[in-house]
Protein chains: 2
Amino acid sequence: MNRELLLLSLLRRQEMHGYQINEFLNRDLAACTDLKKPTAYFLLNKMAAQGWVAQEETREGNRPPRRVYRLTPEGETAFQDLLRENLASHAPIYFDDDIGLMALDALPADEARALLQQRRAGLAAALTEAQAAPPHGGSLQWIIQHRIHHLSSELAWVDELLGKLGQVGR
Amino acid sequence: MNRELLLLSLLRRQEMHGYQINEFLNRDLAACTDLKKPTAYFLLNKMAAQGWVAQEETREGNRPPRRVYRLTPEGETAFQDLLRENLASHAPIYFDDDIGLMALDALPADEARALLQQRRAGLAAALTEAQAAPPHGGSLQWIIQHRIHHLSSELAWVDELLGKLGQVGR
DNA sequence: TTCTGATTAGTCAACTTTGACTAATCAAGA
DNA sequence: TCTTGATTAGTCAAAGTTGACTAATCAGAA
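Thresholds applied
- Residues numbered from 1 in each chain as written.
- Chains lettered and ligands numbered in written order.
- Predicted model: local features only at pLDDT ≥ 70, side-chain atom pairs only at ≥ 80, totals over all residues.
- Heavy atoms only, no water.
- Least-squares fit on C-alpha atoms with pLDDT ≥ 70 in both.
- Contact = heavy atoms within 4.5 Å.
- Axes fitted to C-alpha atoms, helices over the stretch in contact; angles between N-to-C directions.
- Helix = DSSP H or I, 4+ residues; strand = E, 2+ residues; numbered from the N terminus.
- Parallel < 35°, antiparallel > 145°, perpendicular 65-115°, else oblique.
- Left-handed = near helix turned anticlockwise from the far one by under 90°.
- Nonpolar A, V, L, I, M, F, W, Y, C, P; charged D, E, K, R; others polar.
- Domains from an automatic or database assignment.
- Buried area = accessible area lost by both parts, 1.4 Å probe.
- Salt bridge = Lys/Arg side-chain N within 4 Å of Asp/Glu carboxyl O.
- Polar contact = N/O pair within 3.5 Å; in protein donor to acceptor, adjacent residues only side chain to side chain.

Novice: Give me the lowdown on the relation of the copies chain A and chain B, citing residues and values where you can.
Specialist: The operation relating chain A to chain B is a screw motion whose rotation component is 180°, with 0.0 Å of axial translation and a residual RMSD of 0.1 Å. Both chain copies can therefore be described as sitting about a two-fold axis. Taking C-alpha positions as the reference, the residue of chain A nearest the rotation axis is A:Ser153, at 3.3 Å. Of all interface residues in chain A, 100% are interface residues in chain B too; the two copies therefore contact each other through one and the same surface.

Novice: Any chance you could break down the packing of helix H2 (residues 18-27) of chain B against helix H3 (residues 37-49) of chain B for me, citing the residues and the numbers?
Specialist: Residue and element names in this part refer to chain B. Where H2 meets H3, the axes come as close as 10 Å, and the angle between the chain directions of the two elements is 130°. Judged by the angle between their axes, H2 and H3 are oblique. Regarding H2 and H3, the two cross each other, and that crossing is right-handed. Residues Gly18, Tyr19, Ile21, Asn22 and Leu25 of H2 pack against Lys37, Ala40, Tyr41 and Leu44 of H3. For the contact of H2 with H3, the per-class residue count stands at six nonpolar, two polar and one charged.

Novice: Now, about the domain arrangement of chain A: what can you tell me, with residues and values included?
Specialist: All names here are of chain A. By domain assignment, chain A separates into domain 1 (2-88) and domain 2 (96-169). Here the C-alpha centre of domain 2 lies 32 Å away from the C-alpha centre of domain 1. On the domain 2 side, the residues contacting the five residues of domain 1 number four residues. With both chains or domains summed, domain 1 and domain 2 bury close to 360 Å², and 68% of this area falls on carbon and sulfur atoms. By the criterion of area lost to domain 2, the three top residues of domain 1 are Arg13, Ala31 and Cys32, representing 69% of everything that side buries. Counting every contact that joins domain 1 to domain 2 gives zero salt bridges. Remark: the boundary between domain 1 and domain 2 carries two residue pairs in polar contact (both at pLDDT 80 or more).

Novice: Account for the interface of chain A and chain B, naming residues and giving values.
Specialist: Taken together, the contact pairs 63 residues of chain A with 63 residues of chain B. For the pair chain A and chain B, the two sides together bury roughly 6,100 Å², of which 65% comes from carbon and sulfur. Broken down residue by residue, the surface that chain A buries against chain B is led by A:Leu87, A:Met102 and A:Trp142, which jointly contribute 14%. Remark: the boundary between chain A and chain B carries four salt bridges. With its nearest N and O atoms 2.3 Å apart, the salt bridge here joins B:Glu111 to A:Arg84.

This is the structure in C-alpha cells:
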C-alpha cells in the first residue's frame, strides 16, 4: 500500500505525467524507494480503475503528447486513509540482510570478519554521501534525515558485531 | 537471493521436510523474515531443478509421508557464494515506511503527532517484547540482537521527530 | 545533413509472491 | 463415537514486479 501512497502523495501536490513521475522517482527518490517504471504504470492504471486518479491526454505545440494523471476526490480520501495508516504503524522489520549471520560459522572467522569489513565500508560510504548532500528543507527532509539516522545506526551495529567477533574469534 | 540463502542455511544444518521448514519459519523466524509457505515451496523446487537441493520421499510407520530436502554439494557451493555476497554487502535501505513523512502537512499537526505517538507505542511494545525473550545463544543470536538494536534506533528516531514537530507545530 | 540524446509514451513476457484452498493420517478429548 | 487439531503434503489463480524492449518528436552537436 505504501507505493500507492507514494504515488498519491506526488499527484496530490500537482498533477503529473508519467515521464515526470518516473524522473522524480529516479532522481529524487532513488535512495528512498525501489519503485520502478513498469510498477508505477501498473499502480497508476490500477488506481485509475479504482477511480483514485484520472488520466487526461494533452498536447503542447509539437511536443510528444502527455498523459496527465491527477487525483480525484476519491483519491484524496484514499490518500488520507493510507497516510493515517502509514504514520500510525511501523514497518515490520525483516532482516533478509542478516540471514548470513545465521551461518557465520560456515566460513573461517578471518574471512567472515573481512567480509563484514567490506559491508562496513559500504555503509560508511553511503553515510558520507548522504551527509554530504546539502540540508534539504523540502518534503523529503525527514526521509533524508531518517536515512542518515539509520545508516549511522547500522554502522554502529556492524562495528559492535565486529568487536564481538574479534573477541571470540582469537 | 537472500531467501534462497535462508533456505540453504537451514538445510545445511540438517535435512528437513517441508512442514519442518515452514514451522521453523513461522515459529522462530516470524520476526525476521516474511518468507511464506508457497514461496518456500517455489524456491525449494527451483533450487531442486538447479541441483542445489535433492528431495527424497520417506515414510515412518503409518505417519503421513515426508519429502525430505537436503543440500547437494552444488548447493553447498551456492550457499557459500551467496553467504559471501550477503555478508559483504548491506541491503539498500528503502523507506516505504517513511513515505507518509513526505505528506505530513496534509494532516492537522495535532493529528499527525497523535498518529506518530501510536507508531512510537508500537515500536516500544515490539522492543519490550524482543528484550523480554531470554538471551539466545544459538544461530539466531546476532539477528535477534540486531533487531533489538534497530528497534531502539527507530524508537529514538521517532522521539527525535516528535520533538522537532512539537517545536514547529505550536 | 545526419546522428545522438532527451522527452514523451508505454508494453510484454517472465518471474516472484501470496491468500485461500485441498487432502490425508492420527491422537486425544467430549 | 465423533469431532477437533496437529502433522504431513502441497496447489492454484491472481496479484505484483521487473529487465528489456518499442516508438515517436525535437534540439543541438558533428
